[in-house]
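Residue-level structural notes
Given next are the chains, with one letter for each unit.
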Amino acid sequence: MNLFDFFSNQHKNKKKLLGVLLDPDKAPEGEQLKTFILNCEKAGVDIFLAGGSLITKGNLDLLIQSMKQFTKLPVLIFPGDSSQISNEADGILLLSLISGRNPEYLIGQHVASASRLKQSKLQILPTGYLLIDSGTVTTAQYVSNTVPLPSEKPEIAANTALAGELLGMKLIYMDAGSGAKRCITEECIMAVRNTISIPLIVGGGINSIEKANAAWNAGADMVVVGTLFEKQPEAITLFSKR
Ligand code: 1GP
C-alpha cells in the first residue's frame, strides 16, 4: 500500500482514521500483544504506529517484528530521534518539529539518519510536527528542548502548519504529547484544518471516544491513541463505532 496515497484518499473521502501508538517501553508482549492487535483490527483500527520520545528498555525492531506476526495493517514508525529506524516497518513519519526552534529536531536528526533512510525500504512521509501546550511538561517537550505552541493562540498553530505545507511536508501532526492531561482544543484543530489542505493527524491525551470524536469533527483525518490503551487495552472496543 502506498501510504501517502492512502492518507490523501482518506482525506478526500473525509474518513475518520484511527491510529494506535505502541511505545516499545510499554507495549504488551506475546499473547497479550496478539489479543490487543486482534481487538484493534476488530475495532477498525487503520494504522499502527510504533516509537516514542524516549525509549529506555524496549526494542523497536522486536516490537514491530512481533506486531507483524499478528497483523497485515501498516506499521508506521513515529520516531523520537534518528536511532528509531527499523526495516520491519512499512513507513516512517519523518517528523520535523516545526513548532520548535531547536535545529536538532528541525533538521539535525534527519541529516544523521538520511543515508540509513535512503538505503531502507521504508516509505518516507515528511511530516510537520507541532507540539501544542497541554498544561504540563510532556516527555516530547522535555526531550526536544522546545517550547510548545500556546493552545489559546490557534493562529500561530495555523501559520506554523501552513509553513510546513508550503515547505513541502505531506502531513501535519498536532500533538499535545503522550499522556497529556489536556488534549488539543477543537478551536486549535479547526484553525489548522481550515488553513492547510494536506492530511492532519491529531494526538496526545485523547483518552475517550468523546475526545476522539471531538478531534475528528474539528477536522482531524487521523486520531492517534497510545496511553489509554497502554493502561486499559480493553478500551479499544469503545472505538468500534465511530
Ligand atoms: C503521543 O499522540 C501520541 O505522541 C499519543 O498520545 O499517548 O496521550 O494517547 P497519548
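For the structure given in this document, a descriptive report is provided here. Please read all numbers here as calculations on a predicted model, not as lab measurements.

Calculation notes
- Residues numbered from 1 in each chain as written.
- Predicted model: local features only at pLDDT ≥ 70, side-chain atom pairs only at ≥ 80, totals over all residues.
- Heavy atoms only, no water.
- Core = buried A, V, L, I, M, F, W, Y, C linked by side-chain atoms within 4.5 Å.
- Buried < 20%, exposed > 50% of the residue type's maximum accessible area, 1.4 Å probe, protein only.
- Helix = DSSP H or I, 4+ residues; strand = E, 2+ residues; numbered from the N terminus.
- Contact = heavy atoms within 4.5 Å.
- Phe/Tyr/Trp six-rings, centres within 6.5 Å; stacked < 30°, edge-to-face > 60°.
- Lys NZ or Arg CZ within 6 Å of the ring centre and 35° of its normal.
- Salt bridge = Lys/Arg side-chain N within 4 Å of Asp/Glu carboxyl O.
- Pairing = 2+ DSSP bridges.
- Right-handed = clockwise from strand over helix to strand, strands pointing away.
- Near = heavy atom within 4 Å.
- Polar contact = N/O pair within 3.5 Å; in protein donor to acceptor, adjacent residues only side chain to side chain.
- Areas by Shrake-Rupley, 256 points an atom, 1.4 Å probe, with all protein chains shown as cover.
- Nonpolar A, V, L, I, M, F, W, Y, C, P; charged D, E, K, R; others polar.
- Arc of directions from axis to C-beta.

Considerations on the nonpolar core
- Among the nonpolar cores identified, the biggest contains 57 residues, and Phe48, Met67, Ile172, Met174, Val202, Phe229 and Ile236 are the most heavily contacted of them.
- The dominant element in this core, judged by the number of residues it contributes, is helix H8 (residues 209-218), at five residues.
- In this structure, Ile236 is in contact with Leu18, Val20, Phe36, Asn39, Cys40, Ala43, Val45 and Phe229, ignoring residues within four places of it in sequence.
- Counting 22 residues, the second-largest nonpolar core is a separate cluster that includes Phe7, Leu21, Leu125 and Tyr173.

Some words on the packing of aromatic side chains
- Scanning the model with the defined rule gives six aromatic pairs in all.
- Arranged with centres 6.0 Å apart and planes meeting at 70°, the rings of Phe78 and Tyr129 form a pair that is edge-to-face. Remark: Tyr129 occurs in strand S5 (residues 123-131) and Phe78 occurs in the loop between strand S3 (75-77) and strand S4 (91-97); sequence separation between them is 51 residues.
- When the centroid spacing of 4.9 Å and the interplanar angle of 20° are considered together, the rings of Phe78 and Tyr173 count as stacked. On the criterion of sequence distance, the pair formed by Phe78 in the loop between S3 and S4 and Tyr173 in strand S6 (residues 171-175) is long-range, its members being 95 residues apart. The same class applies to Phe78 and to Tyr173, which are both buried.
- Three or more aromatic residues link up through ring pairs in this structure, and these residues are Phe36, Phe229 and Phe239.
- Across the ring face of Phe4, the terminal group of Lys170 is positioned such that the distance to the ring centre comes to 5.7 Å.

Quick look at the pattern of salt bridges
- In this structure the tally under the stated criterion is five salt bridges.
- One salt bridge in this structure joins Asp23 and Lys26, with 3.9 Å as the shortest N-O distance.
- On the accessibility criterion, Lys26 (47% relative accessible area) is partly exposed.
- A salt bridge links Arg182 to Asp133, with the nearest nitrogen and oxygen atoms 4.0 Å apart. With Arg182 in the loop between S6 and helix H7 (186-193) and Asp133 in the loop between S5 and helix H5 (139-144), this pair connects stretches of sequence that are 49 residues apart.
- According to the relative accessible area criterion, Arg182 is partly exposed, its value standing at 43%.
- We classify Asp133 as partly exposed; its relative accessible area is 28%.

With respect to the pairing of S5
- In terms of strand pairing, S4 meets S5 through seven bridges, oriented parallel. Its bridge partner being in S5, Leu95 is matched across the sheet by Thr127.
- Once you follow S4 into helix H4 (residues 103-119) and on to S5, the crossover reads as right-handed.
- As paired elements, S5 and S6 share five bridges and run parallel to each other. From the neighbouring strand, Thr127 faces S6, where its bridge partner is Leu171.

Concerning the site of the ligand
- Around the ligand, the structure places 13 residues, and the nearest of them are Asp175, Ser178, Gly179, Gly205 and Thr227.
- Here Gly179 contributes a backbone N or O atom positioned 2.7 Å from an oxygen atom of the ligand.
- Relative to its unbound accessible surface of 300 Å², the ligand loses 96% to contact with the protein.
- Considering only residue class, the shell around the ligand consists of four nonpolar, eight polar and one charged.

Topic: the side chain of Ser113
- As for its position among the elements, Ser113 is in helix H4.
- Other than its neighbours up to four places away in sequence, Ser113 contacts Ser82 and Ile85.

With respect to helix H3 (residues 60-70)
- For H3, the set of buried residues is Leu60, Leu63, Ile64 and Met67. Each buried residue of H3 lies within a common arc of 90° when the element is viewed along its axis, so the set occupies one face.
- The inward-facing, buried residues of H3 abut strand S1 (17-22), helix H2 (30-42), strand S2 (47-50) and S3.
- Of the residues flanking the start of H3, the one acting as N-cap is Asn59, its side-chain oxygen 3.0 Å from the backbone nitrogen of Asp61.

Notes on the side chain of Ser82
- If you trace the backbone, Ser82 turns up in the loop between S3 and S4.
- Leave out the neighbours within four places in its chain, and Ser82 touches Gln109, Ala112, Ser113 and Arg116.

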